[in-house]
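In case you want the letters, here they are:
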Amino acid sequence: MVQSVVLVHGLRTSATMWRRQVELLEGLGHEAIAIDLPGHGPRMNERFTLEGAVAAISYAVESARHPVFLCGFSLGGYTSIHYAGTPDPAGRPIMGLLAASCGTRPYRVVLDAWRAAARVIHTFPDRGLGLNNWAVRAAVRDPHLADDVIRGGVALEVMDDALRELRALDPVASLRRIRQPVWLVNGTLDHFRLEERRYAAAAPDARLLHVRGATHMVSLTRPDEFERILLAALDSVAP
């Protein structure tokens, strides 16, 4: 069955990080919709807000030509869980959700520490661009995939807004309200999976899957394994 897959990127990245998955999905006949959240990619001149992120996801879902499967990574995972778990009289029109690399609740003390670190990095002459790109290339060994992350632009200025807005999220509470199947996908080396079992227990229909040897950027460090999980999830929700 042909489906529309809405792909939501991580913090500081953009829709271009999904280049490989978009090509795979389109090659199989699916519609792949990789969106840019406010403050990222071509929307870098905008301020990031949670409301704006939900609006971006909602627009993509409502514009899709086929039944929708939602897939989010890191920031995109958090915002996708929030979108899918927000009460809606008509119900969220998705068939399922894959949330990757977002398995720890966004505690205020941690977010504020990151905001402080980001302010220090922004004092660098290049605002931290060189450090960011070095970190991406160190984590993502495939140079083509690393280029995908960087090609859409690095949203250095979005950090303070995004980290502040994330304080309003409660992924566990949102997961309790999601009736569609949920796949929680984390790399075994990911530092964001501390509460993954709490997440899985909260969702009425959840599957917790690990990608061995993958770090936080699971779709880029182990793309073959990530894509097998994504395609299996699509197959399982097809009527």
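Basis of the calculations
Residues numbered from 1 in each chain as written. Predicted model: local features only at pLDDT ≥ 70, side-chain atom pairs only at ≥ 80, totals over all residues. Heavy atoms only, no water. Salt bridge = Lys/Arg side-chain N within 4 Å of Asp/Glu carboxyl O. Helix = DSSP H or I, 4+ residues; strand = E, 2+ residues; numbered from the N terminus. Buried < 20%, exposed > 50% of the residue type's maximum accessible area, 1.4 Å probe, protein only. Patch = residues over 30% accessible without salt bridge, like charges linked within 9 Å, V, L, I, M, F, W, Y side chains within 5 Å. Areas by Shrake-Rupley, 256 points an atom, 1.4 Å probe, with all protein chains shown as cover. Polar contact = N/O pair within 3.5 Å; in protein donor to acceptor, adjacent residues only side chain to side chain. Contact = heavy atoms within 4.5 Å.

(A) How the structure looks around the pattern of salt bridges. If you walk through the whole model with that rule in mind, you get 21 salt bridges. With a closest N to O distance of 3.3 Å, Arg19 and Glu23 form a salt bridge. Taken together, the residues Arg19 and Glu23, both in helix H1 (residues 19-27) and four residues apart, mark about one turn of the helix. The class of Glu23 is partly exposed, set by a relative accessible area of 48%. In this structure, Arg167 and Asp112 form a salt bridge, with 3.3 Å as the shortest nitrogen-oxygen distance. Here Arg167, found in the loop between helix H7 (159-166) and helix H8 (171-176), pairs with Asp112, found in helix H4 (residues 108-121); they are 55 residues apart in sequence, far enough to count as distant. Sharing partners across several salt bridges, the network here consists of Arg47, Arg108, Asp112, Arg115, Arg119, Asp160, Asp161, Arg164 and Arg167.

(B) Spotlight on a nonpolar patch on the surface. Judged by side-chain polarity, Tyr107, Val109, Val110 and Trp114 come together as a nonpolar surface patch covering roughly 370 Å² of accessible area. Residue position: Val109 is located in helix H4. Look at Val109 and you get exposed, because its relative accessible area is 65%.

(C) Representation of the side chain of Asn186 within the structure. Among the structural elements, Asn186 can be located in strand E5 (residues 182-187). For Asn186, a relative accessible area of 3% translates into the label buried. Looking at Asn186, its side chain comes within polar contact range of the side chain of Glu196, at 2.9 Å. If we skip the residues at most four places from it in the chain, Asn186 touches Ala100, Ser101, Cys102, Gly103, Arg193, Glu196, Leu208, Leu209, His210 and Val211.

The values reported here are purely geometric and, on their own, carry no functional implication.
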